[in-house]
Amino acid sequence: MAKIKLEYIWLDGYEPTQNLRSKTKVEEHENFKGTIEELGNWSFDGSSTKQAEGGSSDCLLVPVAIYPDPTRINGYLVMSEVMYADGTPHPSNGRATIDDDNDDFWFGFEQEYFIMDTKTLLPLGFPVGGYPAPQGMYYCSVGGKNTHGRKLVEEHADLCIAAGINFEGINQEVACGQWEFQLFAKGAKKAGDEIWVARYLLDRLTEKYGYYIEYHPKPLGDTDWNGSGMHANFSNNVLRTCGDQATYERICEAFRPVTAEHIAVYGAYNDQRLTGKHETASIHDFSYGISDRGASIRIPLITVQKGWKGWLEDRRPASNGDPYKIAARIIKTVKSAL
C-alpha cells in the first residue's frame, strides 16, 4: 500500500471572474494506476467560496480529469466539477454546459498573461515609478535586456509536459513581462481541463519565485501596451474536411447575430482590451477575414491553402476567460450553422 496525494482542483463562485481552489486528500492505494475510476467524490465548504449558504454549505467535487503531479511524490492533480449534493451541476460549473460528448470539436487555446512582481506589483521588467522601453523589442525576444521571467516560463513548460498535458509552445509576448503558452486537445472538455490545470501549475509555481500571474485582459490600463487574450482556435469535422469556402463563411456569419452572447462569456473587462487597437477588433463590431489579426475571427491562411480544410481562430476571448464557457458558446454557434 502507498500513500497517494490527490490534489482536488475546482473553480469557485466568485464573479465576474472565478478563481482556482484546491485541497489535498491523502489516500492509501495498492497499485494505483492514476485513473478517474479509482477516485471518489469529495466535498468542500461552499459557503467559503460563494457557492453555498452556511446553513447548507456542502458542495460536491466530482473528478473529471487526472494528471500526475510532477512536484510531488505519489502526487496527482484532479480536475473536478462542482455539483450540488443531489448531483446536479452547480451554476458555476461551466464544464457541464459543453455540448461535445463525442469530442468532435478540437480546441487550441493561446493563453497570454503577465508575470507580476509581488514586491513592486508591476510586470517583470517595469521599473518602479516609470516605464521600460516601448514595446516592440519584447516579442519573441532573447537576452536579459528585453526578456524577463524565462526561468519561470521554462519550468512551467516542463511541469505541464511532465504532467501529460498536450503543451504545444511558449513565447514572450508583445508587452514587457508578458508571455503566452499554447495547448491543444481533441475534445472541448479536455481542452478546458488542460488549460485550467496548466493555469494551476503556473499559479502554484509563482509561490516560490515571489511572483504572481495577472490574467486581467488590460492590466496596464488605457496605455500603449498590449492587453492579454486567450485566442480560441477551433474546428469540428465539418471545418476539417468540408473543402468549401461557402461553408466557412456561413459558419462565420452565424457568429454575427450572437456577438453579445459571446462577449458575455469571453472574460470580464474585455471592453478595455477589444478597442480596435493592439491587434484586436472593436468589441462593438464583428468581422472575419483571411489572415486578419485585426478581425474578430481569423481564417488562417493555411486553412485556405489546404482547400478550405482546417480551423478558425476566435481572437476575442480574454486571458481571464473560462475555457469551458468559451468552448460551450462557440460549439453552440457553430452547430446553429450546420
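In this text the structure is predicted, and so the values were computed from the model without any measurement.

S.K.: Honestly, the nonpolar core in this entry has me stumped. Any pointers?
M.R.: The tendency in soluble globular proteins is for nonpolar side chains to be buried side by side. Core analysis: the largest hydrophobic core is formed by 61 residues, its most contacted members being Phe 107, Tyr 113, Ile 165, Leu 312 and Ile 330. It is helix H2 (residues 188-206) that contributes the most residues to this core, 10 residues altogether. When residues of this core are assigned to domains, at least three fall in each of domain 1 (2-93) and domain 2 (106-336). Sequence-distant contacts of Phe 107, defined by excluding residues within four places in its chain, comprise Leu 183, Phe 184, Ala 185, Ala 188, Ala 191, Asn 233, Phe 234, Ala 327, Ile 330 and Ile 331.

S.K.: So what exactly am I meant to see when it comes to the domain arrangement of the protein chain here?
M.R.: Quoted interface sizes are often the accessible area lost when the parts come together. The domain boundaries assigned to the protein chain delineate domain 1 (2-93) and domain 2 (106-336). With centres defined by C-alpha atoms, the gap from domain 1 to domain 2 works out at 26 Å. Taken together, the contacts link 17 residues of domain 1 with 19 residues of domain 2. Regarding the contact of domain 1 and domain 2, the summed buried area is about 1600 Å², with carbon and sulfur atoms giving 69% of it.

S.K.: What exactly am I supposed to notice about unusual backbone geometry here?
M.R.: If a residue is not glycine, its phi is most likely negative; likewise, a peptide bond is most likely trans. Along the chain, Glu 15 connects to Pro 16 via a cis peptide bond; the corresponding omega equals 5 degrees. Locating Pro 16 in the fold gives a position in the loop between strand S1 (2-11) and strand S2 (20-29). Unlike most non-glycine residues, Leu 121 shows phi in positive territory, near 60 degrees. Note that Leu 121 resides in the loop between strand S6 (106-117) and helix H1 (150-162). For Tyr 269, which is not glycine, the phi torsion reads 65 degrees and is therefore positive. For Tyr 269, the location among the structural elements is in the loop between helix H5 (259-264) and strand S11 (288-290).

About the thresholds
Residues numbered from 1 in each chain as written. Predicted model: local features only at pLDDT ≥ 70, side-chain atom pairs only at ≥ 80, totals over all residues. Heavy atoms only, no water. Core = buried A, V, L, I, M, F, W, Y, C linked by side-chain atoms within 4.5 Å. Buried < 20%, exposed > 50% of the residue type's maximum accessible area, 1.4 Å probe, protein only. Helix = DSSP H or I, 4+ residues; strand = E, 2+ residues; numbered from the N terminus. Domains from an automatic or database assignment. Contact = heavy atoms within 4.5 Å. Buried area = accessible area lost by both parts, 1.4 Å probe.

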